[in-house]
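# Descriptive analysis of the structure
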Amino acid sequence: MSADGVRAHVLILGGTTEARRLAGALAATGTEAGSGIRAGAGRGTASGAVPDVAPGSGTAPHAPLRVTTSLAGRVSAPVLPPGETRIGGFGGAAGLAAWIAAHRVTHLVDATHPFAERMSFNAAEAAALSGVPLVALRRPGWSPVPGDDWHFADSLSGAAAVVADLGSRVFLTTGRMGLHTFAHLADTWFLVRSVDPPQAPVPPRLEVLLARGPFGLDDERELLARHRIDVLVTKDSGGSATAPKLTAAREAGIPVVVVRRPPVPQGMRETSSVEAVRHWLLHG
């Protein structure tokens, strides 16, 4: 327990590799003798970036640690992180704020996918309503390197508008939820890889590979060659887990349509470092 008798409870809005890593790091923290999170940690931190810090710096934590990760439930068999897990939506910002109050959440971490736009705004609003400190854990976006042939789009609709001009055999890696955006492209062949089968409407010429990543560079090279892919479409998800497809496309001289990230709430604390979030939670 903390000095004020409040047990610290961290709610991670998850579904990403970074969220699982943070839950694991906090679970390990919770098993260390005398470790935990101060219930008031982070409340006095100024808005803006969370600084990168050296492990073990700062003052000693004071409270036992409870960690809950929330998953949207869009995947039928998600990889569950350490700690407690809840699955499903909250019912908007007000619903999230109510859940925070009902479960005595003391810290909120937005570690959702960079394209989970609505959830990030709900998190910011819920944090303001509940008075709980919030930090966003966001992986850096990708940047083109020499040899890349990237074409940027502001949305999936924008990507659908240009893809047919770049190729006829498309590796579409933007997720199964947005396939309806490409359903009108009857003359273009699409390859989609996802954990669960997509639902209609989908492009009429579609092949689906059911697989769970990460996928290595050799895997991506073989896939592009085997399916004679001549254009790749991806979201700027960032991170290393899905980056090999970009390298494989560059090596093969394949153009890539990159959907830019949506806007995020202004003024939110933000970092790409799991250790920085852990330190912020532990030491404020």
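Check the entry above for the structure.
Conventions used here
Residues numbered from 1 in each chain as written. Predicted model: local features only at pLDDT ≥ 70, side-chain atom pairs only at ≥ 80, totals over all residues. Heavy atoms only, no water. Phe/Tyr/Trp six-rings, centres within 6.5 Å; stacked < 30°, edge-to-face > 60°. Buried < 20%, exposed > 50% of the residue type's maximum accessible area, 1.4 Å probe, protein only. Lys NZ or Arg CZ within 6 Å of the ring centre and 35° of its normal. Core = buried A, V, L, I, M, F, W, Y, C linked by side-chain atoms within 4.5 Å. Helix = DSSP H or I, 4+ residues; strand = E, 2+ residues; numbered from the N terminus. Contact = heavy atoms within 4.5 Å. Axes fitted to C-alpha atoms, helices over the stretch in contact; angles between N-to-C directions. Parallel < 35°, antiparallel > 145°, perpendicular 65-115°, else oblique. Left-handed = near helix turned anticlockwise from the far one by under 90°. Nonpolar A, V, L, I, M, F, W, Y, C, P; charged D, E, K, R; others polar. Expected span 1.5 Å × (residues − 1). Pairing = 2+ DSSP bridges.

Turning our eyes to something else, we now look at the packing of aromatic side chains. For the structure shown, the criterion picks out 3 aromatic pairs. Arranged with centres 5.8 Å apart and planes meeting at 75°, the rings of phenylalanine 90 and tryptophan 99 form a pair that is edge-to-face. In this structure, phenylalanine 90 and tryptophan 99 share a single accessibility class: buried. Look at phenylalanine 182 and phenylalanine 190: their rings are 5.8 Å apart centre to centre, the planes differ by 65°, and that puts the pair in the edge-to-face class. The buried category is assigned to phenylalanine 182, whose relative accessible area is 0%. Its guanidinium or amino end placed over the ring of phenylalanine 90, arginine 86 lies 3.8 Å from that ring's centre, counting from NZ or CZ. Arginine 169 extends its terminal NZ or CZ atom over the ring of tryptophan 189, reaching a point 3.9 Å from the ring centre.

Counting 17 residues, the largest nonpolar core has Ala159, Val170, Leu172, Phe182 and Val233 as the members making the most contacts within it. At the level of secondary structure, the elements contributing two or more residues to this core comprise α4 (156-166), β7 (169-172), β8 (189-194), β10 (231-235) and β11 (256-259). Broken down by element, this core gets its largest block of residues, 4 residues, from α4. Residue contacts for valine 170: discarding those within four places in its chain leaves Val163, Thr188, Trp189, Phe190, Leu191, Ile229, Val231 and Val233.

Orientation of helix α2 (residues 92-102) relative to helix α3 (residues 117-130), taken along the N-to-C sense of each, is 50°, at an axis distance of 8 Å. What the angle tells us is that α2 and α3 run oblique. For α2 against α3, the interelement crossing comes out right-handed. Contacts between α2 and α3 pair Gly92, Ala93, Ala94, Leu96, Ala97 and Ile100 from the former with Met119, Asn122, Ala123, Glu125, Ala126, Leu129 and Ser130 from the latter. Considering only residue class, the contact of α2 with α3 consists of 9 nonpolar, 3 polar and 1 charged.

With 14 residues, α3 extends 20 Å between its outermost C-alpha atoms, agreeing within 8% with the 20 Å of an ideal straight helix rising 1.5 Å per residue. With its phi angle positive at about 75°, glycine 131 sits one or two positions after the end of α3.

Let us now look at the packing of helix α5 (residues 217-226) against helix α6 (residues 244-252). Across the interface, α5 lies against α6 with an axial gap of 8 Å and an inter-helix angle of 50°. Classified by the angle between their axes, α5 and α6 sit oblique to one another. The way α5 lies across α6 gives a crossing that is right-handed. Contact residues: α5 offers Leu217, Glu220, Arg221 and Leu224, while α6 offers Pro244, Lys245, Thr247, Ala248, Ala249 and Glu251. Among the residues forming the contact of α5 with α6, the class breakdown is 5 nonpolar, 1 polar and 4 charged.

What follows covers the sheet that holds strand β2 (residues 65-71). Across the sheet, 6 strands lie side by side as β3-β2-β1-β4-β5-β12; this open sheet has parallel pairing. One side of each edge strand has no neighbouring strand; the edge strands of this open sheet are β3 (84-87) and β12 (269-271). Between one strand axis and the next, the sheet turns through 25° on average, direction left out of account. Relative to β3, β2 runs parallel, the two being bridged by 4 bridges. Each residue of the ladder has a partner; that of threonine 68, found in β3, is glutamate 84.

The strand order β6-β11-β10-β7-β8-β9 describes an open sheet built from 6 strands, whose pairing is parallel. Lying at the two open borders of the sheet, with one neighbouring strand each, are β6 (150-153) and β9 (206-210). For this sheet, the mean angle separating the axes of adjacent strands, direction not counted, is 20°. Bridge count for β7 against β8 is 4 bridges, and the pairing is parallel. Following the sheet pairing, arginine 169 is matched in β8 by tryptophan 189. Contacting β6, β10 and β11, α6 runs over the sheet at an angle of about 155° to β10.

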